[in-house]
Amino acid sequence: MEETIEDPPTSAVLLDHCHFSQVIFSSVEKFYIPGGDVTCHYTFTQHFIPRRKDWIGIFRVGWKTTREYYTFMWVTLPIDLNNKSAKQQEVQFKAYYLPKDDEYYQFCYVDQDGVVRGASIPFQFRPENEEDILVVTTQEELETLQSINKKLELKVKEQKDYWETELLQLKEQNQKMSSENEKMGIIVDQLQAQLSTQEKEMEKLVQGDQDKTEQLEQLKKENDHLFLSLTEQRKDQKKLEQTVEQMKQNETTAMKKQQELMDENFDLSKRLSENKIICNALQREKERLEGENDLLKRENSRLLSYMGLDFNSLPYQVPTSDEGGAGQNPGLVYGNPYSGIQESSSPSPLSIKKCPICKADDICDHILEQQQMQPLCLNCPICDKIFPATEKQIFEDHVFCHSL
């Protein structure tokens, strides 16, 4: 079969729906010699108009649909259909694509819708030999030829019946087209009347269109005025947006300042808490010192009673701590034997120097830590001998020995 880039348009249209009389094939031989090209001559009828996708195919006799073609060639469209010579066309089939058997074939013209518009008489592809010229002498060959002849006559009769049926269908279609043309003429008259009416309405619409044009001009002026108002409103809106943005920035700044104040307040609260802790520690230390002072007074009274002395009979008074003394009790002859505890364990606020770390004049956390880390000791008020705080009894006996 012929190798082509695009397959031809085919359909499953049966023979009774074909139109064989619109394209007529002429000069069709009874047989063609294999190995040579075949030229197919055909003529368009008066009312047939060829199209670009029409084609001519070679079909085996007895085909049912246009899909059963053996090979095909595209039809060449004539330049001028009104010219008589343009009605007569031809197409050439190359020998390579022709059938190689001796079956009966025929040319068929198929339009781009897949409908057959014409068919030729059957022919064969076989070489010419003497049997085509000489008279058949054998009975067997004669019977074969008669059988083939009967088959051909039946096929020709079938095609003739199809052609007659097609002719009747064409006549019916022609009558229908005539009646439809009459109907179309009536419809055209009606359309012309409607067109006249529409032209009158169009004139009215044109008049109304002029009025609408004036209204449109007025609307344009109003639109320009609204546009100017909208522009001013957009400017005001832009100013408001800038004001809102400035307020947002101010709010952000205020929130930052508020956060800084909250942080500062937190630091002050923390320092206040620390100062409260220091104050409580100093209060407890004061209470402890007062308790020790009471103990020392009782011990001093005991020692004086032991020595047989009376505080009021003493020839002089020891200076008190308020007069710049050494912090001794005035009821003791030789001073307070436990003054070393007070001097070493709880220094006077006047003796506190500046903190070497934070340079603070008052008591700070660093000074308290240093005082808590220093070990407590006992100093003898007579000879300035130092005793550990754990040897309190030895310290008392030492001070008592000085009074003997």
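For the structure, check the block above.
Residues numbered from 1 in each chain as written. Predicted model: local features only at pLDDT ≥ 70, side-chain atom pairs only at ≥ 80, totals over all residues. Heavy atoms only, no water.

Colleague: How do you make sense of the environment of Arg60 when you look at a structure like this?
Modeller: With respect to the element layout, Arg60 can be found in strand E4 (residues 55–60). Each C-alpha atom of the pair Arg60 and Tyr70 lies 7.3 Å from the other, and the pair is ten residues apart in sequence. Excluding its chain neighbours within four sequence positions, the residues that come into contact with Arg60 are Asp101, Glu103, Tyr104 and Tyr105. (Helix = DSSP H or I, 4+ residues; strand = E, 2+ residues; numbered from the N terminus. Contact = heavy atoms within 4.5 Å.)

Colleague: Looking at this structure, how should I read the nonpolar core?
Modeller: In globular proteins that are soluble, nonpolar side chains generally tend to be buried together. Formed by 20 residues in total, the largest nonpolar core has its most connected members in Tyr42, Ile56, Phe107 and Tyr109. Taken together, the elements giving at least two residues each to this core come down to strand E1 (23–26), strand E3 (38–44), E4, strand E6 (88–93), strand E7 (104–110) and strand E9 (123–125). With four residues, E3 is the single largest residue contributor to this core. Membership of the second largest hydrophobic core comes to ten residues, among which are Trp55, Trp63, Tyr69 and Val116. (Core = buried A, V, L, I, M, F, W, Y, C linked by side-chain atoms within 4.5 Å. Buried < 20%, exposed > 50% of the residue type's maximum accessible area, 1.4 Å probe, protein only.)

Colleague: Can you help me understand the sheet that holds E1 in this one?
Modeller: Spatially, the three strands line up as an open sheet ordered E1-E3-E6, and their pairing is antiparallel. At either margin of the open sheet sits one strand with a lone partner, and together these are E1 and E6. The sheet shows a mean angle of 30 degrees between the axes of neighbouring strands, direction not considered. Relative to E6, E3 runs antiparallel, the two sharing six bridges. Bridging from a neighbouring strand, Thr39 pairs with Gln92 of E6. (Pairing = 2+ DSSP bridges. Axes fitted to C-alpha atoms, helices over the stretch in contact; angles between N-to-C directions.)

Colleague: Got a minute to help me understand the pattern of salt bridges in this structure?
Modeller: Side chains that differ in charge, positive against negative, can pair when their charged atoms come close. Under the counting rule described, the total for this entry stands at seven salt bridges. Ionic pairing is found between Asp101 and Arg60, a salt bridge with its closest N-O pair at 3.3 Å. Taken together, the positions of Asp101 in the loop between E6 and E7 and Arg60 in strand E4 put the pair 41 residues apart, joining distant regions of the chain. Classification of Arg60 by relative accessible area gives partly exposed; the value is 42%. The partner of Arg288 in a salt bridge is Glu292, and the shortest N-O contact between them spans 2.3 Å. Taken together, the positions of Arg288 and Glu292, both in helix H2 (residues 139–307) and four residues apart, correspond to about one turn of that helix. (Salt bridge = Lys/Arg side-chain N within 4 Å of Asp/Glu carboxyl O.)

Colleague: Would you explain a nonpolar patch on the surface in this entry?
Modeller: A grouping of Met184, Ile187 and Leu191 is seen on the molecular surface, where their side chains present a nonpolar patch of about 270 Å² in accessible area. Mapped onto the secondary structure, Met184 falls in helix H2. Note on Met184: relative accessible area 47%, which makes it partly exposed. (Patch = residues over 30% accessible without salt bridge, like charges linked within 9 Å, V, L, I, M, F, W, Y side chains within 5 Å. Areas by Shrake-Rupley, 256 points an atom, 1.4 Å probe, with all protein chains shown as cover.)

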